[in-house]
Amino acid sequence: MTGRAMPRWTLLALWGVFLALPVVATMLYSVATVWRGQALPDGFTLSWWTQTLREPRVVEALMRSTWLAAVTVLVVAAIVLPALYWGYIRNPRIRVVMQLCALLPFALPFVVLAYGIKRLAGAGELTQPWEASPLLVVLGHVALAFPFFLWPVDGAMAAAGVRQLSEAAETSGASPLSTLFRVVIPNIRTGILTGAILTFATSFGEYSIARVITGSSFETLPVWQVGALQDTRGNPNGVAVMAMFTFLLLFVVSVLIARTGKGEPLRLLPGIDHSNKR
């Protein structure tokens, strides 16, 4: 058994090193004074962190990205939760439509999706004022992050037996809206939290939609990072700092969500509703 387990542990260790190397390299670059192509930097300093986190432009971009990601999570949740719940208890075709819509971000490149949204908004007189507005960026992020919230929530609803829960609540006299907020959501909180962090991370790190729709007038953190790399007078060490800051932020949030879930298993793929099977 030991001989069979060794290749597995070796492969797992190699995979772990492969995943950790970019993170370690980025972390070292964010605290390096000078790095002249050696295995390690010539020296270490925290000045890049203090300088970058105090720069007003970076702080504003960080706040925009945080605001944009938080609004995207709220809008996606408001769209997905009632519709998906209704698809489980009343009209299964809604789930089919939602699953098809969830495939669109993977079928179209993000740049194409951004240009399509921008051209569609500029096609009518009523929507032309929104053609380069942050509101259109929010709608684009909602379309992009939609499947990352839908699939964990769908899996959680299937695992929780939403149809049976709804029938039991209806027998007790609860309305569908009351059942959704007081019965269903508490039972699928792990799926909602997982979908929320995936949606937040997708929106927080998205570059093309904000860049195509608003140019540099609505500078998010990814837009600033790309601009800093392209500018000869930019701050590449600061880009590494913000990359690590984002990684640590999402890591902490993921750990908190994992602790909230209390070890409950969760499907990240669409669930199968077994209640309709005979």
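Refer to the preceding data block for the structure.
The following paragraphs examine the structure supplied in this document. Predicted model, so just to flag it, every value in this text is computed and none were measured.

## A closer look at the overall build of the chain
When you go through the chain residue by residue, the secondary structure sums to 12 helices and 0 strands. The order of α-helices and β-strands along the chain, N terminus first, is α-α-α-α-α-α-α-α-α-α-α-α. Considering the chain as a whole, with its 278 residues, one finds that 38% of them fall into the buried category. A separation of at least 24 residues holds for 73% of the contacts in the chain among residues at least 6 apart in sequence. On the chain, roughly 16100 Å² of surface is accessible, and the fraction owed to carbon and sulfur atoms is 68%.

## Points about the packing of helix H3 (residues 56–89) against helix H7 (residues 162–171)
At a closest axis distance of 9 Å, the pairing of H3 and H7 adopts a crossing angle of 85°. Classed by the angle they form, the pair H3 and H7 counts as roughly perpendicular. For the pair H3 and H7, the contacting residues are Tyr85, Tyr88 and Ile89 in the first and Val162, Arg163 and Ser166 in the second. Of the residues in the contact of H3 with H7, the class split is 4 nonpolar, 1 polar and 1 charged.

## Quick notes on the packing of aromatic side chains
Considering all chains together, one arrives at 7 aromatic pairs under this definition. Consider the rings of tryptophan 15 and phenylalanine 18, whose centres lie 5.5 Å apart with planes at 25°: the pair is stacked. Taken as a pair, tryptophan 15 and phenylalanine 18 lie in helix H1 (residues 2–30) at a separation of 3 residues, close to a single helical turn. Using a relative accessible area of 54% as the deciding quantity, one classes phenylalanine 18 as exposed. Relative to phenylalanine 204, the ring of phenylalanine 200 has its centre 5.7 Å away and its plane inclined at 20°; by these criteria the two rings are stacked. Placement of both phenylalanine 200 and phenylalanine 204 in helix H9 (residues 189–204) is noted, with a separation of 4 residues, approximately one turn of the helix. According to the relative accessible area criterion, phenylalanine 200 is buried, its value standing at 17%. Residue phenylalanine 204 is classed as buried on the basis of its relative accessible area of 2%. The aromatic ring of tryptophan 86 is capped on one face by arginine 90, whose charged end is 5.4 Å from the ring centroid.

## Description of the environment of glycine 155
Take glycine 155: it is sitting in helix H6 (residues 134–160). Linking glycine 155 and isoleucine 188, residues 33 residues apart in sequence, is a C-alpha distance of 9.1 Å.

## Thoughts on the packing of H6 against H9
The N-to-C vectors of H6 and H9 enclose an angle of 160°; their axes lie 8 Å apart at closest approach. In terms of orientation, H6 lies roughly antiparallel with respect to H9. You can see that H6 and H9 cross each other, and the crossing is right-handed. Residues His141, Leu144, Ala145, Phe148, Phe149, Pro152, Val153 and Ala156 of H6 lie in contact with H9, whose contacting residues are Gly191, Ile192, Thr194, Gly195, Ala196, Leu198, Thr199, Thr202 and Ser203.

## Topic: H9
Between its first and last C-alpha atoms H9 spans 22 Å; for 16 residues at 1.5 Å apiece the expected length is 22 Å, and the two agree. Burial analysis of H9 places 12 of its 16 residues in the buried class, which makes it a mostly covered element. Along H9, the residues that are buried comprise Thr190, Gly191, Ile192, Thr194, Gly195, Ala196, Ile197, Thr199, Phe200, Thr202, Ser203 and Phe204.

## A look at the pattern of salt bridges
Per the stated rule, a full pass over the model turns up 5 salt bridges. Salt-bridge contacts for arginine 57 lead to glutamate 219; the nearest nitrogen and oxygen are separated by 2.6 Å. Here arginine 57, found in helix H3, pairs with glutamate 219, found in the loop between helix H10 (208–214) and helix H11 (221–230); they are 162 residues apart in sequence, far enough to count as distant. The partner of glutamate 60 in a salt bridge is arginine 64, and the shortest N-O contact between them spans 3.7 Å. Within this pair, glutamate 60 and its partner arginine 64 are both found in helix H3, separated by 4 residues, close to a single helical turn. Accessibility expressed as a relative area gives 45% for glutamate 60, which makes it partly exposed.

Reading guide: rules and limits
Residues numbered from 1 in each chain as written. Predicted model: local features only at pLDDT ≥ 70, side-chain atom pairs only at ≥ 80, totals over all residues. Heavy atoms only, no water. Helix = DSSP H or I, 4+ residues; strand = E, 2+ residues; numbered from the N terminus. Buried < 20%, exposed > 50% of the residue type's maximum accessible area, 1.4 Å probe, protein only. Contact = heavy atoms within 4.5 Å. Areas by Shrake-Rupley, 256 points an atom, 1.4 Å probe, with all protein chains shown as cover. Axes fitted to C-alpha atoms, helices over the stretch in contact; angles between N-to-C directions. Parallel < 35°, antiparallel > 145°, perpendicular 65-115°, else oblique. Nonpolar A, V, L, I, M, F, W, Y, C, P; charged D, E, K, R; others polar. Phe/Tyr/Trp six-rings, centres within 6.5 Å; stacked < 30°, edge-to-face > 60°. Lys NZ or Arg CZ within 6 Å of the ring centre and 35° of its normal. Left-handed = near helix turned anticlockwise from the far one by under 90°. Expected span 1.5 Å × (residues − 1). Salt bridge = Lys/Arg side-chain N within 4 Å of Asp/Glu carboxyl O.

Note that every value here comes from positions in space, so none of it alone points to a role or purpose.
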